Amino acid sequence: MKNHLVVLGAQWGDEGKGKIVDLLSSDFDAVVRYQGGSNAGHTVFVKGQKFVLHLLPTGLLHEHTVGVVAQGMVIDLELLVKEIEELESRGLRVYDRLYISDRAHLVLPYHKIMDALFERKGKIGTTLRGIGPSYMFKYGRKGIRVCDLRDRDRLYNLMKENIEFVRDLCEKVYCEDHNLDLEQIYYNTLENYEKIRERMIDATLLLLRYDGRVLFEGAQGTLLDIDMGTYPYVTSSNASALGLSNGTGLPPKYFSEAYFLGVFKAYTTRVGEGPFPTELKDEVGQELRDRGREYGSTTGRPRRCGWLDLVALKHAVEVNGLDGLVLTKLDVLDTFEEIKIGIAYEVGGRVIDHFPASLGELYEAKPVYKTFKGWLKDTRGAKSLEELPPKAIEYIEFIQSYLGIPVVMLSTGPERDEYLWLRGGVEIARLV
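How each quantity is defined
- Residues numbered from 1 in each chain as written.
- Predicted model: local features only at pLDDT ≥ 70, side-chain atom pairs only at ≥ 80, totals over all residues.
- Heavy atoms only, no water.
- Helix = DSSP H or I, 4+ residues; strand = E, 2+ residues; numbered from the N terminus.
- Rg over C-alpha atoms; globule rule 2.2 N^0.38 Å.
- Buried < 20%, exposed > 50% of the residue type's maximum accessible area, 1.4 Å probe, protein only.
- Contact = heavy atoms within 4.5 Å.
- Areas by Shrake-Rupley, 256 points an atom, 1.4 Å probe, with all protein chains shown as cover.
- Lys, Arg positive; Asp, Glu negative; His and termini not counted.
- Charge placed at Lys NZ, Arg CZ, Asp CG, Glu CD.
- Core = buried A, V, L, I, M, F, W, Y, C linked by side-chain atoms within 4.5 Å.
- Salt bridge = Lys/Arg side-chain N within 4 Å of Asp/Glu carboxyl O.
- pLDDT = per-residue confidence, 0-100.
- Axes fitted to C-alpha atoms, helices over the stretch in contact; angles between N-to-C directions.
- Parallel < 35°, antiparallel > 145°, perpendicular 65-115°, else oblique.
- Left-handed = near helix turned anticlockwise from the far one by under 90°.
- Nonpolar A, V, L, I, M, F, W, Y, C, P; charged D, E, K, R; others polar.
- Phe/Tyr/Trp six-rings, centres within 6.5 Å; stacked < 30°, edge-to-face > 60°.
- Pairing = 2+ DSSP bridges.
- Expected span 1.5 Å × (residues − 1).
- Arc of directions from axis to C-beta.
- Polar contact = N/O pair within 3.5 Å; in protein donor to acceptor, adjacent residues only side chain to side chain.

S.K.: Any chance you could explain the overall build of the protein chain here in plain terms?
M.R.: When helices and strands are tallied, the protein chain shows 13 helices and 20 strands. In summary, the protein chain has a C-alpha radius of gyration of 22 Å against a globular reference of 22 Å for 432 residues, a match within 12%. Per-residue burial over the protein chain gives 56% buried out of 432 residues. Look at the contacts in the protein chain between residues 6 or more apart in sequence, and 76% of them connect residues 24 or more apart. Surface accessibility of the protein chain: about 17900 Å² in total, with carbon and sulfur atoms responsible for 48%. One finds the centroid of the 55 positive side-chain charges in the protein chain at a distance of 1 Å from the centroid of its 63 negative side-chain charges.

S.K.: I'm lost on the nonpolar core in this one. Help?
M.R.: Generally speaking, a soluble globular protein has its nonpolar side chains buried in company with each other. Judged by nonpolar contacts, the single largest core of 54 residues is most densely connected at F216, F260, F264, L330, L333 and Y395. The element best represented in this core is helix α12 (residues 390-403), accounting for five residues. Beyond its immediate stretch of four places on either side in the chain, F216 contacts H4, L5, V6, V7, V32, Y34, L244, T248, L250, Y254 and F255. In this structure, L80, V94, M114 and M200 belong to the second largest nonpolar core, which totals 46 residues.

S.K.: Explain the pattern of salt bridges to me, please; I cannot follow it from the model alone.
M.R.: Counted according to the given criterion, the structure contains 20 salt bridges. Residues R303 and E294 are paired through a salt bridge, measuring 2.7 Å at the closest nitrogen-oxygen approach. Residue class for R303 comes out buried when judged on its relative accessible area of 8%. The class of E294 is buried, set by a relative accessible area of 0%. Each of D14, K265, E294, R303 and K329 takes part in one network of salt bridges that share partners.

S.K.: Before we go on, may I ask you to explain the environment of I100 in this structure?
M.R.: Along the chain, I100 turns up in strand β7 (residues 98-101). Apart from residues lying up to four places away in sequence, I100 is in contact with V69, I75, L80, V146, I196, R199, M200 and I201.

S.K.: For this particular structure, what's the right way to read the confidence of the model for the protein chain?
M.R.: Caution is warranted with low-pLDDT regions, since their predicted coordinates should not be read in detail. Across the protein chain, the average pLDDT comes to 91, with 95% of residues at or above 70. Counted against residues more than four places away or in other chains, residues 424-430, with its pLDDT under 50, gives 10 contacts.

S.K.: Where do I start with the packing of helix α2 (residues 77-89) against helix α6 (residues 182-196) in this structure?
M.R.: Helix-helix packing is described using two parameters, namely the angle between the two axes and the distance between the axes. Running from N to C, α2 and α6 point in directions that differ by 40 degrees, and their axes come no closer than 9 Å. Regarding the angle of α2 to α6, the classification is oblique. Here α2 runs over α6; the crossing is left-handed. Taking contact as the criterion, the partners of L77, E78, V81, I84 and E85 in α2 are, on α6, T189, N192, Y193, K195 and I196. For the contact of α2 with α6, the residue count by class is five nonpolar, two polar and three charged.

S.K.: Looking at this model, I keep getting lost on the packing of aromatic side chains. Mind explaining?
M.R.: The description of an aromatic ring pair uses the distance of the two centres, along with the angle that the planes make with each other. Throughout the structure, instances matching the rule amount to 13 aromatic pairs. Judged by centre distance (6.4 Å) and plane angle (40 degrees), the rings of F398 and Y402 are tilted. With F398 and Y402 both in helix α12 and four residues apart, this pair spans about one turn of that helix. Looking at Y402, the relative accessible area reads 22%, which means it is partly exposed. An aromatic cluster is present here, built from F372, W375, Y395, F398 and Y402 joined pairwise through their rings.

S.K.: I tried to follow the sheet that holds strand β2 (residues 30-33) on my own but got confused; where do I start?
M.R.: Strand pairing in a sheet relies on backbone hydrogen bonds. The paired strands run either parallel or antiparallel. Here we have 10 strands laid out as an open sheet, ordered β9-β7-β5-β2-β10-β1-β11-β15-β19-β20, and mixed in their pairing. Strand pairing shows two members of the sheet lacking a second neighbour, β9 (200-201) and β20 (419-421), which therefore form its edges. For strand β15 (residues 324-328) and strand β19 (residues 407-411), the ladder comprises four bridges, and the chain directions are parallel. Bridged to V326 within β19 is M409. On top of the sheet, α12 reaches β11 (258-265), β15 and β19; it is set at about 140 degrees to β19, its chief contact.

S.K.: Looking at this structure, how should I read helix α5 (residues 152-173)?
M.R.: Residues lying three or four places apart along an α-helix face the same way, a consequence of the helix completing one turn every 3.6 residues. The end-to-end C-alpha distance of α5, which contains 22 residues, comes to 31 Å, matching closely the 32 Å that a straight helix rising 1.5 Å per residue would cover. What α5 keeps buried is the set L155, L158, M159, N162, I163, V166, L169 and C170. For α5, the buried positions fall inside an angular range of 130 degrees around the axis, keeping them on one side. Opposite the buried face of α5, at more than 90 degrees from it, the exposed residues are D153 and K172. Tucked inside the fold, the buried residues of α5 contact α3 (109-121), α4 (131-139) and α6. Phi turns positive one or two residues past the end of α5, at C175, with a value near 55 degrees.

S.K.: I tried to follow α4 on my own but got confused; where do I start?
M.R.: The set of residues buried in α4 consists of I131, G132, P133, S134, Y135 and F137. Check the buried side of α4 and you find it contacts β6 (74-75), β8 (105-106), α3 and α5. R141 sits one or two positions beyond α4 and adopts a positive phi of about 60 degrees.

S.K.: Got a minute to help me understand the side chain of T328 in this structure?
M.R.: Among the secondary structure elements, T328 is positioned in strand β15. When its relative accessible area of 4% is taken as the criterion, T328 is described as buried. Reaching out from T328, the side chain makes a polar contact with the backbone oxygen of E15 at a distance of 2.7 Å. Leaving out residues up to four positions away in the same chain, T328 has contacts with E15, V263, F264, K265, A266 and S411.

Structure below.
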């Protein structure tokens with residue numbers, strides 16, 4: 001039995017990872033978020049209650065788990081404190097089960113100003129939460145880490161230097177004036193720091209010495225990975241398995257004891273700009289959006305929708321070394337008389353079955369489809385394989401055959417208990 005589990009998004013995010021992590025966390029002792037920031041929006045329904053988590057590990061919704069915010073994340077302290085307080089106001093004990101890496105970088109108000117400025121000048125489709133600029137400062141060696149909050153003088157000087165840099169950038173390069181109040185940012189940051197100070201820790205050391213089972217929770221999706229996604233229309237971190245070691249500080253061989261599980265929807269969506277070969281801009285795309293309620297939990301923006309793209313999904317399987325898949329939102333396809341799956345691309349007069357790096361090729365790519373007859377029966381809430389229509393099973397079997405790995409679970413609705421194992425009803429404790 002493998003000790004650890006990695007749950008990753010296998011498309012452009014919004015695959016339903018939050019529900020899957022919440023469900024599977026019952027068999028684990030700790031849950032770790034290791035990249036991204038408040039641009040994540042993991043939505044979970046538990047006994048009719050809706051929870052939307054942006055920074056906290058989703059597994060904290062189980063009372064027995066420990067949650068770790070690891071070093072690869074960028075943290076908006078104000079939002080983190082609000083998220084903790086919100087969950088505790090709903091009767092969930094969070095604070096004393098949470099650990100925050102002292103190596104994690106902060107998102108500060110001036111990062112959000114830069115984010116909005118960059119987005120106006122060159123549209124990417126970001127969440128405007130300061131994530132990209134925070135990572136820019138990190139790699140430009142101008143970032144402020146959680147551990148820097150311990151030294152007030154150093155913190156003040158770092159903030160002063162950064163605010164002067166951002167003010168010069170705004171005024172002298174972009175000819176825009178922004179009122180950045182150093183004293184207010186400094187004291188607000190310290191006020192929020194005092195509320196989480198006792199939870200700061202060397203999270204790498206904690207995990208290296210931890211003897212329980214750990215679930216690693218990815219945010220966004222593989223096609224938004226800064227290196228392996230549709231660059232530059234990507235997030236600012238490694239949203240694939242590539243982010244595990246640098247996001248946690250754990251050596252690569254640590255994850256040889258992990259089972260890698262990818263989550264994908266029965267169709268494809270993305271938010272923001274960038275190529276999307278199987279996108280449907282017609283009434284079919286709108287029907288997918290309406291039936292799937294495809295609006296962002298973080299931004300509220302309508303998602304672009306299209307048929308399932310197996311070329312892109314195969315890319316995610318290979319990049320992450322996935323062992324198995326979880327299929328979500330199959331029920332959205334229940335009313336379609338005809339369903340298509342993209343199995344290749346036509347690019348420049350040739351047919352390819354791999355996901356190209358070139359943005360130009362991806363924009364040019366025309367999907368080659370395999371067409372299936374719809375099952376026209378309700379799959380919502382199915383509890384056994386026998387309850388699934390034969391044509392739905394045929395759809396799933398084709399996906400498995402193309403990708404070469406099993407679909408081990410179906411999510412059959414938004415609630416925690418709406419799922420179906422496809423491997424003889426095995427429990428996750430036996431699977432990983």
